Amino acid sequence: MLSAYLDKLRSKGLTTSFVPTMGALHRGHISLITQAKQIAPISVCSIFVNPTQFNDASDYNKYPSRVAADIKLLSDAGNDVLFLPSVASVYQEGMSDLESYDLGYLETIFEGKYRPGHFQGVCQVMSRLLKAVRPDFLVMGLKDYQQCLVVKQLMSIIRMDTKFVGCATLREPDGLAMSSRNLRLDDQQRAVAPAIFHALFTAKQKVLTESHAVIEKQAMDELNENGFRVEYFSIVNSNNLLPDASLDKSTPLVALTAAYLGEVRLIDNMFLTD
Ligand code: AMP
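Here goes a summary of the coordinates provided. Note that this is a predicted model, so its numbers are computed, not measured.

Some words on the pairing of strand β7 (residues 253-261)
Within β7, nine of the nine residues are buried, which leaves it mostly tucked inside the rest of the structure. Where strand β6 (residues 229-237) and β7 come together, eight bridges link them in antiparallel fashion. Its bridge partner lying in β7, S234 is registered against L256. Looking at chain direction, β7 and strand β8 (residues 264-271) are connected through eight bridges and run antiparallel. Pairing of T257 across the sheet is with D268, part of β8. Here β7 folds back onto β8 in antiparallel fashion, the turn holding two residues, of which G262 has a positive phi close to 60°.

Laid out in structure tokens, this is it:
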């Protein structure tokens, strides 16, 4: 039993860091394991494709699964504990009538707006995983920037004093953010996919001199012309994800985007003012 095993380690004074994933691991995930191992003697990685966070059933059904390859990558990276629960063990009471969490406006914008119910699902699974692992540190990728803010809010709602550690996004040499979903891109889509990175980088270069609205429109036009179907490309305050067009150099800004290439939905972001 995982909890009993982790309790035993805790009783010896060993701290734990936790990396939740949905598997089909790539070097981005492994960079989180490396970070987790640097901050605590015991790293715990979970692989669980959480059905309640998929608002699109076909996205869930097509989510890649490569557990044997994942186990090899984790063991090569020196991960200590793998938590590989079943759906029935995570949702012992079933998946209807699940609890809901007050995420306020965070749930009405960007990923919350375009994937209704997604963040409730993220909170439902994260509250269960966090209660099972009770880690000292939770290590997550800034690639899912809004998710990081949601999970921090969840931890304050459920009163977990786990420390949150956000890790930089790992990219392919051409700038495409590593993602398990990249496996679903065909050759032609894979060739144009780095346009997302270029649009974000262009925004970073222009952010202190041009209006945010103009930069956002140019980015969306450029992506749409390259065959993407853009859902949003927005420049916002990175602390609260609210618009801030003040050109005040002290405001920390992030550009967030989500766009489809064919049936594959890609998300990415970039800090603009660091
Ligand atoms: P996922 O398996 O997509 O749920 O991702 C598991 C964790 O890995 C999340 O905290 C993600 O933000 C993080 N992650 C995904 N892609 C990357 C990447 N390219 N670089 C760094 N972290 C990532």
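Looking at the layout of surface pockets
With a probe scaled to a water molecule rolled over the atoms, the places where space remains empty come into view. Space inside the second largest pocket adds up to approximately 230 Å³. What lines the second largest pocket is simply M1, L2, S3, F83, P85, S89, V90, Q92, E93, R128, L129 and A132. Put simply, the parts of the chain that give the lining of the second largest pocket at least two residues each are α1 (2-11), α5 (87-90) and α7 (118-133). Looking at the lining of the second largest pocket element by element, the count peaks at three residues for α7.

A few points about the pairing of strand β4 (residues 137-141)
Counting buried positions over the five residues of β4 gives five, a clear majority of the element. Residues F137, V139 and G141 of β4 are buried on one face, and the alternating residues L138 and M140, pointing to the opposite face, are buried as well. Two elements, β4 and strand β5 (residues 163-167), share five bridges in a ladder whose sense is parallel. Counterpart to G141 in the pairing with β5 is C167. The parallel pair β4 and β5 is bridged by helix α8 (residues 145-157), and the resulting crossover is right-handed.

How each quantity is defined
- Residues numbered from 1 in each chain as written.
- Predicted model: local features only at pLDDT ≥ 70, side-chain atom pairs only at ≥ 80, totals over all residues.
- Heavy atoms only, no water.
- Buried < 20%, exposed > 50% of the residue type's maximum accessible area, 1.4 Å probe, protein only.
- Helix = DSSP H or I, 4+ residues; strand = E, 2+ residues; numbered from the N terminus.
- Pairing = 2+ DSSP bridges.
- 1 Å grid on protein atoms, 1.4 Å probe; cavity = no way out; pocket = protein on both sides within 12 Å on 5 of 7 lines; lining within 4 Å.
- Points joined across faces, edges and corners; volume = space filled by probe spheres on them.
- Right-handed = clockwise from strand over helix to strand, strands pointing away.

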